[in-house]
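Read off the chains here:
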Amino acid sequence: MFEICADPQNLQELQWLACYLTSGKHILFYQSFGVVMLLLVITAPVSLAFGFIGASAARSPIAPLRWFGKGYTSIVRGVPDIAFFLFFVIALDQAFEWLRHQVKCPDWDAPIRQGSDFVVCAQAKLPLSTSPQWVHESYGFTLAVLTFAIVFGAFAANVLFGAMRSVPRAQMETAEAYGFSHRQAFWRILVPQMWLYALPGLSNLWMILIKATPLLFLLGVEDIVYWARELGGSKTARFSDYPHGDWRMYYFGALLVFYLLLTKLSEIVLDKLMARLSHGQATAAGEAQRKAAA
């Protein structure tokens, strides 16, 4: 990155370290922290949307919708996360390619399943072999986000379903007595109040989501765990301009600090959000606020 870094063998200790920490691979390592944060920023609202749909479906008076909501919540929550992540990404990728294959190659007469191989026409591949590298990386990241959202959406659905049931039924009956339709009572009475009951469970789910981000490594995304292992492993002068021993402890120590700071920041934000939602509510937290203000 700097001119003095052209010949690392002739650098002093601090200069060598500065050049080492600003090398091309380290820039990718630093960018991978942004990948993790982007995953969290996108996955959290998408998971919440999936959870809300699942919880609403589980409460539906229409039997097929109710079966779908409860089935989605139970099945996804019952499968070990690592098994789901390893299997579902492959299945989802093949499902997309199969749909494209049916549209783009209707005259294809060879079997798609050839033993353990999944073979579609070249036009149906996702992404295309001629696509630039950023398209391949974006596609892999999109599959990872969708997989995370489906998994954590099931847990969010379970939390929201319980929160909806925690809102006093008397409030819904009062709204209906005042002429509210079922839909109006749902959106104006139930949904605004359920967040207070859902936030503790959603807070725990957010913490679990943070801890689950290293699973990106299993999905083929070059995240912070990938680069920590890649950069921290032993490097010899024959294969690297910056030879060093096994430094994985230092790299994974940096990841430890990153996750602890992110968790602490999350706790502060969630505590403030809980205090705001509890204001004026007939709950233990709301009562404590009233006594403190008296």
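Treat the numbers as computed from the prediction; the structure is a model and nothing was measured.

Thresholds, definitions, all that
Numbers given for residues are sequential positions, taken from 1 along each chain in its written order. Local features in a predicted model are, by the rule used here, given only for residues with pLDDT of at least 70; side-chain atom pairs are given and counted only at 80 or more, and totals for whole chains, interfaces and linings are based on all residues. Excluding hydrogens and water, the side-chain figures rest on all heavy atoms present in the structure. The score called pLDDT rates the predictor's confidence residue by residue, from a low of 0 to a high of 100. Only DSSP runs of H or I reaching four residues or more are called helices, and only runs of E reaching two or more are called strands; each is numbered from the N terminus. The classification of residues rests on relative accessible area computed with a 1.4 Å probe and restricted to protein chains. Under 20% of the type maximum is buried, over 50% is exposed, and intermediate values are partly exposed. Every axis in this analysis is a line fitted to C-alpha atoms, fitted for helices over the stretch in contact. Angles between the N-to-C directions lie between 0 and 180 degrees. The labels follow the angle: roughly parallel below 35 degrees, roughly antiparallel above 145, roughly perpendicular from 65 to 115, and oblique for the rest. Helix crossings are classified by the rotation of the near helix relative to the far one: an anticlockwise turn of less than a right angle makes the crossing left-handed, while a clockwise turn makes it right-handed. Any two residues having at least one pair of non-hydrogen atoms within 4.5 Å are treated as being in contact. Under the convention adopted here, Pro, Cys and the residues Ala, Val, Leu, Ile, Met, Phe, Trp and Tyr are nonpolar, Asp, Glu, Lys and Arg are charged, and Gly plus all remaining residues are polar. Between rings of Phe, Tyr and Trp, where Trp is taken as its six-membered ring, a pair exists when centres lie within 6.5 Å; planes separated by under 30 degrees are stacked, by over 60 edge-to-face, and by other angles tilted. Salt bridges are defined as contacts in which a side-chain nitrogen from Lys or Arg sits within 4 Å of a carboxyl oxygen from Asp or Glu. Along the arc lie the directions from the helix axis toward the C-beta atoms.

A. Region of interest: the confidence of the model for the chain. When pLDDT is averaged across the chain, the result is 84; 90% of the residues are at 70 or more. The secondary structure element of the chain with the lowest average pLDDT is helix α10 (residues 284-293), at 62, and the one with the highest is helix α2 (residues 24-58), at 92.

B. The arrangement of the environment of Ser 23 in detail. You can see Ser 23 is positioned in the loop between α1 (13-21) and α2. Ser 23 gets classed as buried once you look at its relative accessible area, which sits at 16%. For the pair formed by Ser 23 and Gln 123, sequence separation is 100 residues and the distance between their alpha carbons is 38 Å.

C. Quick look at the packing of helix α8 (residues 224-232) against helix α9 (residues 248-278). It is the contact of α8 with α9, at a shortest axis distance of 7 Å, that shows an interaxial angle of 155°. In terms of orientation, α8 and α9 fall into the roughly antiparallel class. Crossing handedness for the pair α8 and α9: right-handed. Where α8 abuts α9, its residues Ile 224, Val 225, Ala 228, Arg 229, Leu 231 and Gly 232 lie against Arg 248, Tyr 251, Phe 252, Leu 255, Phe 258 and Tyr 259. When the residues that make up the contact of α8 with α9 are grouped by side-chain class, the tally is nine nonpolar, one polar and two charged.

D. Examining the environment of Val 36 more closely. Here Val 36 lies in helix α2. Judged by its relative accessible area of 1%, Val 36 falls in the buried class. Placed 185 residues apart in sequence, Val 36 and Val 221 show a C-alpha to C-alpha distance of 10 Å. Excluding residues within four positions of it along the chain, Val 36 makes contact with Thr 213, Ile 224, Phe 258 and Tyr 259.

E. Inspection of the packing of helix α3 (residues 63-78) against helix α5 (residues 133-166) at higher detail. Packing of α3 against α5 brings their axes to within 8 Å, and their N-to-C directions diverge by 120°. What the angle tells us is that α3 and α5 run oblique. The two elements α3 and α5 meet at a crossing, and its hand is left-handed. Between α3 and α5, the residues in contact are Tyr 72, Thr 73, Val 76 and Arg 77 and Ala 149, Ile 150, Val 151, Gly 153, Ala 154, Phe 155, Ala 157 and Asn 158, respectively.

F. Inspection of the packing of aromatic side chains at higher detail. Counting across every chain of the model gives 12 aromatic pairs. Taken together, a centroid distance of 5.8 Å and an interplanar angle of 70° make the contact between Phe 29 and Tyr 251 edge-to-face. Taken as a pair, Phe 29 in helix α2 and Tyr 251 in helix α9 lie far apart in primary sequence, 222 residues in all. Like Tyr 251, Phe 29 is buried. Measuring from ring centre to ring centre gives 4.9 Å for Phe 33 and Phe 258, while their planes differ by 85°; the resulting arrangement is edge-to-face. Separated by 225 residues along the polypeptide, Phe 33 in helix α2 and Phe 258 in helix α9 bring together distant segments of the chain. Take Phe 33: its relative accessible area is 19%, and that puts it in the buried class. Judged by its relative accessible area of 17%, Phe 258 falls in the buried class. Three or more aromatic residues link up through ring pairs in this structure, and these residues are Phe 29, Tyr 30, Phe 33, Tyr 251, Phe 258 and Tyr 259.

G. How the structure looks around the pattern of salt bridges. Taken as a whole, this structure holds five salt bridges when the rule is applied. Where Glu 230 meets Lys 25, a salt bridge forms, and the shortest distance between an N and an O atom there is 3.6 Å. Highlighted residues: Glu 230 in helix α8 and Lys 25 in helix α2, separated in sequence by 205 residues. Relative accessible area serves as the criterion here: at 42%, Lys 25 is assigned to the partly exposed category. With a shortest N-O distance of 2.6 Å, Asp 246 and Arg 248 are connected by a salt bridge. Exposure remark for Asp 246: the relative accessible area of 41% places this residue in the partly exposed category. By relative accessible area, which is 38% here, Arg 248 ends up partly exposed. Among the charged side chains, a network of salt bridges with common partners joins Arg 169, Glu 173 and Glu 176.

H. How the structure looks around α1. Restricting attention to buried positions, one finds in α1 the residues Trp 16, Cys 19 and Tyr 20. The buried residues of α1 occupy an angular sector of 100° when the element is viewed end-on, so they sit on one face. Elements that come into contact with the buried residues of α1 comprise α2, α8 and α9.

I. Expanded view of unusual backbone geometry. Going from Leu 126 to Pro 127, the amide bond is cis rather than trans, its omega being -15°. Topologically, Pro 127 is positioned in the loop between β2 (117-118) and α5.

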